[in-house]
Amino acid sequence: MKKHTKYIHAGAHPDPSTGAIMTPIYQTSTYVQEAPGVHKGFEYARSQNPTRQALEEALAVIEEGKYGLAFSSGVAATDAVIKLLKPGDEVIAGNDMYGGTYRLFSKVFAKFGIVFHYIDLSNLDQIEKYINPNTKLIWVETPTNPLMNIADISAIASITKKHQLILCVDNTFASPALQNPLSLGADIVMHSATKYLSGHSDVIQGALVMKDKALRDELYFIQKSCGAVPGPMDCFLVLRGIKTLGIRMERHSQNGEKIAHFLKAHPAVKQVYWPGFVEHPGHAIAKKQMKDFGGMISFELKQDTIEAARTLLSNTKLFSLAESLGGVESLINHPASMTHASIPRDERIKNGLSDTLIRLSVGIEDADDLIEDLRHAIELAEQVKK
Ligand SMILES: *Cc1c(COP(=O)(O)O)cnc(C)c1O
């Protein structure tokens, strides 16, 4: 099955009781048994729900895996992966990643004795140096949030295979339409389904996809034991979102490209972070492992002051000032005070995330309107007194 066909048909089966073409929202907590232990495979909805099962099947298909597991949020999915580990185990993660992942690792799991090393994952020798007998997992986000750094998934997969480590890739920014880490050698793909998978800014959800049955069974055990499962209505919304994922990502990428070039050519803009530029340090790898470059862009103004950045952030009309990303509508965000405020300032600055960085989630509106919106807000920012 080809890509766009998969998005429509993955996990979709006519409802056995009515023939309904759309998967029903099975809003139930439990299932009636004929006799103790005699049932149709459904006992209690934390363990099994037909709407969730349809979604989990769809996730596996679109991410080129065998098994999908849906969670109540992206961080709940990440939480489940780290619960594969035990005290003393070590994790190597990127030094530029989603602030909530950093917070979960450093503020929650570190106190249970799991050790995290945050390093530059584009440096493969450095990764090897951090591996010791306690190392169990490498956590990769690519492209990274918000600096759009790129890690080479297949190169890191050869390192994790050699040392028998688990490789988990947070594929939220690319989505399965642009990048499939399992086919590049990763063991687990993680998603904040809140973002591109659902695509309409109306649900919080997370997902894991894998190929290995034993790994799936372990993660399913954690899913049902810890209980961070999504409700059936939310599963329905993500199933519906997936149907248009392919065409949405095409449009996000086209608009992203136009806006990245507009910003780069603008005399008031200092730097644009977007992996589609040939001079981006990760461009060659991005081109190799991604089908397109997506709709996420970060940038800084030449007038590198908080006041100028704040003026821009408060004066766009089509780009709404909000956390999150991946919806059909465009969003603008200030990572230092919003999505990445949970990272200590020193740590943030050291890794290149400045106080004045602005992040865009480019939606699927008409690019010309989005460009005019940015042009106007940049003009106002330029008028801020130096
Ligand atoms: C939003 C996000 C998460 C966390 O997902 P939630 O659904 O908000 O819990 C993890 N990784 C990345 C890259 C994200 O953008």
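One can find the structure itself at the top, above this paragraph.
S.K.: Break down the site of the ligand for me, citing the residues and quoting the values.
M.R.: Taken together, 14 residues are adjacent to the ligand, and Val75, Asp170, Ser192, Thr194 and Lys195 come closest. The side chain of asparagine 145 places a nitrogen or oxygen atom 3.4 Å from an oxygen atom of the ligand. Within the side chain of aspartate 170, a nitrogen or oxygen atom sits 2.7 Å from a nitrogen atom of the ligand. Taken together, the elements giving at least two residues each to the shell around the ligand come down to helix H3 (74-82) and strand E6 (188-192). Of the residues that constitute the shell around the ligand, the class distribution is four nonpolar, seven polar and three charged.

S.K.: Could you give me a rundown of helix H13 (residues 367-382), with the residues and numbers involved?
M.R.: Three or four residues apart is the spacing at which side chains of an α-helix point the same way, because the helix has 3.6 residues per turn. The end-to-end C-alpha distance of H13, which contains 16 residues, comes to 22 Å, matching closely the 22 Å that a straight helix rising 1.5 Å per residue would cover. Every buried residue belonging to H13 is among Ala367, Leu370, Ile371, Asp373, Leu374, Ala377, Ile378 and Ala381, and all of these are buried. Here the buried residues of H13 occupy an arc of 160 degrees about the axis, which is enough to place them on one side. Tucked inside the fold, the buried residues of H13 contact helix H9 (245-265), strand E8 (269-273), strand E9 (296-301), helix H11 (306-314) and strand E12 (358-361).

S.K.: Give a description of the pairing of E12 that names residues and reports values.
M.R.: Here E12 shows no split at all, with Ile358 and Leu360 on one side and Arg359 and Ser361 on the other all buried. Note: E9 against E12, four bridges, orientation antiparallel. Paired with methionine 296 across the bridge in E12 is serine 361. As judged from the three bridges shared by strand E11 (residues 331-333) and E12, these two strands associate in the antiparallel manner. Opposite isoleucine 332, over in E12, you have leucine 360 as the bridge partner.

S.K.: Mind laying out the sheet that holds strand E10 (residues 320-321), listing which residues take part and the relevant values?
M.R.: Spatial strand order, E8-E9-E12-E11-E10: five strands in an open sheet with mixed pairing. Edge positions in the open sheet fall to E8 and E10, since each of these has one partner strand only.

S.K.: Quick rundown of the side chain of arginine 248? Include the residues and the values.
M.R.: With respect to the helices, strands and loops of the structure, arginine 248 is situated in helix H9. One buried charge, arginine 248, has no salt-bridge partner; the nearest side chain with opposite charge is glutamate 329, at 9.0 Å. From its side chain, arginine 248 meets the backbone oxygen of glycine 241 in a polar contact 2.7 Å long. What arginine 248 contacts, discounting residues up to four positions off in sequence, is Tyr196, Leu197, Ser198, Gly199, His200, Gly241, Ile242, Gly326, Val328 and Ile364.

S.K.: With reference to specific residues and values, describe the packing of H3 against helix H4 (residues 99-109).
M.R.: Relative placement of two packed helices is described by the angle separating their axes and the distance separating the axes. H4 packs onto H3 with a crossing angle of 45 degrees between their chain directions and a minimal axis gap of 10 Å. When the axes of H3 and H4 are compared, the pair comes out oblique. Crossing geometry of H3 relative to H4 is assigned as right-handed. Mapping the contact onto sequence places Val75, Thr78, Asp79 and Ile82 in H3 and Gly100, Thr101, Leu104, Phe105 and Phe109 in H4. Taken together, the residues of the contact of H3 with H4 sort by class into five nonpolar, three polar and one charged.

Each value, and the rule that gives it
Residues numbered from 1 in each chain as written. Predicted model: local features only at pLDDT ≥ 70, side-chain atom pairs only at ≥ 80, totals over all residues. Heavy atoms only, no water. Near = heavy atom within 4 Å. Polar contact = N/O pair within 3.5 Å; in protein donor to acceptor, adjacent residues only side chain to side chain. Helix = DSSP H or I, 4+ residues; strand = E, 2+ residues; numbered from the N terminus. Nonpolar A, V, L, I, M, F, W, Y, C, P; charged D, E, K, R; others polar. Expected span 1.5 Å × (residues − 1). Buried < 20%, exposed > 50% of the residue type's maximum accessible area, 1.4 Å probe, protein only. Arc of directions from axis to C-beta. Contact = heavy atoms within 4.5 Å. Pairing = 2+ DSSP bridges. Lys, Arg positive; Asp, Glu negative; His and termini not counted. Salt bridge = Lys/Arg side-chain N within 4 Å of Asp/Glu carboxyl O. Axes fitted to C-alpha atoms, helices over the stretch in contact; angles between N-to-C directions. Parallel < 35°, antiparallel > 145°, perpendicular 65-115°, else oblique. Left-handed = near helix turned anticlockwise from the far one by under 90°.

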